[in-house]
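Topology and contacts: notes
The chain contents come next:
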Amino acid sequence: MKKIILFSCLVFSFFQVFSQPLTPLVDSIPMSDGRKLAADVYIPSTVSQAAVILIQTPYNRLGYRLGLPLGIVKNIDSSKYIIVVVDWRGFYGSAAAAHIGAPSLGNDGHSCVEWIAQQTWSNGKVGTWGPSALGRVQFQTAKTNPPHLVCICPLVAAPQYDYVEYYPNGVLRTEYVDQLDNLGFGLKPTLMAHQTHDAAWNYSESINNYPDSIRVPCFMIGGWYDHTIQFMLPFFNELQTQSPVNVRSQHKLLMGPWVHGGHGTAQVGSSLQGQLNYPNAVDVDDSLALLFFDYHLRNINNGWNNTAAVQYYQMGENTWNTNTSANFNATTINFYCYQNGDLQNTLANSSTDKLTYNYDPNNPSPTVGGATLRSDLNQGPYDQSVLVETRNDILKFTTPALTQNAVMKGEAVVHLKVSSDKMDTDFDVRLCDVYPDGKSMLINHGAFRMRCRNGLTAADTTHLQPNNIYDGVITLPASCITFLAGHKIRLDVSSSNYPAFNRNMNTAKAPYPNNSLDTLVNPVIAANTVYCSNAYASYISLPLMNYTVGIEKYNLVDEINLYPNPSSSELIFATYSNDNFETTIYSLIGNKVKSFLMNKSYLMNVKEFENGFYVAEFWNKTTQQKTNKSFEIFHSK
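The rules behind these values
- Residues numbered from 1 in each chain as written.
- Predicted model: local features only at pLDDT ≥ 70, side-chain atom pairs only at ≥ 80, totals over all residues.
- Heavy atoms only, no water.
- Salt bridge = Lys/Arg side-chain N within 4 Å of Asp/Glu carboxyl O.
- Helix = DSSP H or I, 4+ residues; strand = E, 2+ residues; numbered from the N terminus.
- Buried < 20%, exposed > 50% of the residue type's maximum accessible area, 1.4 Å probe, protein only.
- Core = buried A, V, L, I, M, F, W, Y, C linked by side-chain atoms within 4.5 Å.
- Contact = heavy atoms within 4.5 Å.
- 1 Å grid on protein atoms, 1.4 Å probe; cavity = no way out; pocket = protein on both sides within 12 Å on 5 of 7 lines; lining within 4 Å.
- Points joined across faces, edges and corners; volume = space filled by probe spheres on them.
- Nonpolar A, V, L, I, M, F, W, Y, C, P; charged D, E, K, R; others polar.
- Expected span 1.5 Å × (residues − 1).
- Phe/Tyr/Trp six-rings, centres within 6.5 Å; stacked < 30°, edge-to-face > 60°.
- Lys NZ or Arg CZ within 6 Å of the ring centre and 35° of its normal.
- pLDDT = per-residue confidence, 0-100.

1. Structural notes on the pattern of salt bridges
- Per the counting criterion, the structure on display carries 18 salt bridges.
- Note that Arg65 is salt-bridged to Asp40, the shortest N-O span being 2.8 Å. Here Arg65 is found in the loop between β3 (50–57) and β4 (82–87), whereas its partner Asp40 is found in strand β2 (residues 36–42), with 25 residues between them in sequence.
- Assessed through its relative accessible area of 22%, Arg65 is described here as partly exposed.
- Looking at Asp40, the relative accessible area reads 0%, which means it is buried.
- Of the charged contacts, one joins Arg503 and Asp518 as a salt bridge, the two residues approaching to 2.9 Å between their closest N and O atoms. With Arg503 in the loop between β23 (488–494) and β24 (526–531) and Asp518 in the loop between β23 and β24, the pair connects residues that are 15 residues apart, well separated along the chain.
- By relative accessible area, which is 13% here, Arg503 ends up buried.

Here it is as structure tokens:
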């Protein structure tokens with residue numbers, strides 16, 4: 001294993017790293033095969049017996065001695081829970097437990113839960129917490145149904161092992177696989193042995209999607225800049241419909257403006273994400289996770305059961321909203337690519353318009369931010385205007401400046417009509433929010449390998465006939481973002497995004513020569529064409545709310561402003577609409593705090609409000625529309 005250790009749950013400050021580490025009770029937990037896993041047990045001095053939060057990690061349990069999650073850091077006595085951190089079998093302190101035919105991670109998790117329940121310091125109630133791999137193992141543990149497991153809280157994780165996680169639209173995620181192997185997962189041999197969607201992938205996908213086996217309440221936490229969105233959201237919806245009836249209504253989802261984390265300063269719950277700042281999303285994951293644990297593990301009647309099934313962050317507006325599921329039911333509107341670089345919601349008049357650029361595999365378009373994982377890459381929203389959009393191997397399609405907000409909720413889908421003078425190539429897209437000052441902030445990206453246009457199995461793979469016109473469809477991960485008035489929406493089209501995705505050599509040869517993740521053997525330059533005519537239209541379908549006629553016209557229910565936010569004394573509500581809004585203020589856990597009628601503006605005194613986040617729900621009786629805005633109250637001490 002390369003000596004790269006990522007603590008995907010913590011960002012340590014200088015003080016935390018170099019001050020005295022925590023001293024846990026060190027123990028070992030026997031597994032069903034008689035071997036033992038290394039465990040650290042953190043017991044607050046204020047309790048003799050308590051509920052336990054279990055963390056199972058492949059990233060070295062010793063890292064938690066520098067600071068515990070959920071806001072505990074080094075003040076273990078502030079915790080109402082005992083924390084148990086266990087090294088996975090085969091990793092770090094549990095390396096000696098590895099052997100061929102060892103029990104599954106889920107079975108090991110079962111053994112950990114039941115061992116904890118029998119200890120004198122445990123009251124028999126166990127919950128689990130952790131991000132990424134630490135989140136996926138929670139699903140595997142819950143599937144085995146340990147009797148003393150009460151609830152699970154996986155962050156930026158879902159249980160599926162799907163082909164498209166590693167080969168979306170047939171293109172290998174180079175940096176992603178690099179990083180997973182750097183962390184010791186050793187996926188390369190398996191992935192190189194199964195480069196197309198074969199029987200092995202069918203089997204993996206059939207056994208690793210099991211919403212009907214999750215019998216305890218699950219609180220899933222994710223981020224709009226994370227790479228697991230495309231699996232998290234469908235799995236949550238399946239939990240709501242396929243898990244046992246008695247638990248379906250207890251599952252919750254929180255989606256914030258967060259990256260995956262694992263390195264750097266941007267993490268789930270941090271303010272800075274890429275080049276953007278979200279101060280009203282700081283530590284919301286921790287505060288809600290503790291409410292979840294308090295309700296299920298400590299039987300505290302804190303209103304958790306009354307919170308919405310889905311709480312999500314609407315970027316751009318920078319507000320917290322609620323929904324009943326991870327489906328947002330937005331209206332799909334098509335915006336068409338024009339030869340002059342425009343992006344319009346009407347078809348072009350010409351029947352012949354097209355644009356051509358050259359793609360050189362030896363000089364690929366660089367990855368700048370996005371849903372990345374490798375430790376040498378930035379994560380999250382980064383400006384594409386300098387390093388990406390000034391190149392001559394990219395096409396930019398941009399709307400006029402918006403005169404009103406455009407509210408997107410869900411998956412954008414890019415439909416390209418394309419050709420190439422070579423027998424294979426890729427098309428890569430980036431969706432961006434263009435600011436008035438010219439910054440082009442990445443929302444998400446995707447790729448498509450043209451030899452896989454008919455499907456992902458080996459039998460589906462077929463080469464291009466040079467200069468024939470083909471379809472390329474790229475479904476981007478879901479996002480909730482409001483393109484603000486004065487901003488523009490941009491679709492970038494190129495043929496590379498490296499090292500996020502493998503570089504296509506533009507030849508008919510095998511795409512991974514010598515089973516290398518990224519070796520170019522005699523690559524050639526491709527002349528690739530995107531068609532922009534009414535006969536062959538390229539366009540992006542955007543899931544927009546309250547869309548009427550033209551991109552300028554959106555219902556003013558989305559034009560309610562709250563300021564100052566955060567506030568410590570007075571909060572002003574203002575709108576340009578002449579309608580009346582029935583307004584109700586709720587705490588973040590759903591308790592009603594205040595209600596009033598607003599017309600044009602309203603001044604609210606918040607001096608008596610407790611510190612924390614609140615949601616204002618606005619109901620327009622005239623248009624029969626509802627919208628939410630979040631705000632923070634902060635009284636300095």
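And the narrative resumes.
2. Focus on the nonpolar core
- Counting residues in hydrophobic clusters, the biggest one holds 133 residues, and the most contacted among them are Val84, Trp224, Phe293 and Val493.
- The contact partners of Val493, leaving out residues within four places of it in the chain, are Tyr357, Asp393, Ile394, Leu395, Phe397, Leu416, Phe427, Asp428, Val429 and Val530.
- Ranked by size, the runner-up nonpolar core spans 16 residues in total, among them Leu571, Phe581, Phe609 and Ile633.

3. Brief notes about empty space enclosed by the protein
- The full count for this structure, using the stated rule, is 3 cavities of 30 Å³ or more.
- In this model, the largest cavity occupies a volume close to 50 Å³.
- Lining the largest cavity are Trp224, Tyr225, Asp226, Ile229, Gly370, Ala371, Ile443, Asn444, His445 and Pro477.
- The element best represented in the lining of the largest cavity is strand β20 (residues 440–449), accounting for 3 residues.
- Looking at the lining of the largest cavity residue by residue, the class counts come to 6 nonpolar, 3 polar and 1 charged.

4. Details of the side chain of Thr174
- Mapped onto the elements of the fold, Thr174 is located in helix α5 (residues 174–182).
- Assessed through its relative accessible area of 1%, Thr174 is described here as buried.
- Other than its neighbours up to four places away in sequence, Thr174 contacts Pro499, Ala500, Phe501, Asn502, Leu517 and Asp518.

5. A word on helix α9 (residues 284–297)
- Taking 1.5 Å as the rise per residue, α9 with 14 residues should run 20 Å; its terminal C-alpha atoms sit 19 Å apart, in good agreement.
- Across the 14 residues of α9, 11 count as buried, placing the element largely inside the fold.
- For α9, every residue scored as buried is listed here: Val284, Asp285, Asp286, Leu288, Ala289, Leu291, Phe292, Phe293, Asp294, His296 and Leu297.
- Positive backbone phi, approximately 60 degrees, marks Asn299, located one or two places after α9.

6. Examining the packing of aromatic side chains
- Tallied over the entire structure, the rule returns 29 aromatic pairs.
- Judged by centre distance (6.1 Å) and plane angle (65 degrees), the ring pair of Tyr167 and Tyr512 falls under edge-to-face. Of this pair, Tyr167 sits in the loop between α4 (163–166) and α5 while Tyr512 sits in the loop between β23 and β24, placing them 345 residues apart in sequence.
- We classify Tyr167 as buried; its relative accessible area is 0%.
- Pairwise contacts between aromatic rings join Phe573, Phe596, Tyr602, Phe609, Tyr614, Phe618 and Phe631 into one cluster.
- Over the aromatic face of Tyr161 sits the side chain of Arg136, whose NZ or CZ is 3.8 Å from the ring centroid.
- Directly above the ring of Tyr176 sits Arg173, whose terminal nitrogen or CZ lies 3.8 Å from the centroid.

7. Regarding the confidence of the model for the protein
- When pLDDT is averaged along the protein, the result is 92, and 94% of the positions lie at 70 or above.
- This stretch, residues 1–18, has a pLDDT under 50; its non-local contacts, to residues over four places away or in other chains, come to 47 contacts.
- Below pLDDT 50 for its whole length, residues 549–558 participates in 34 contacts with residues either more than four positions away or in separate chains.

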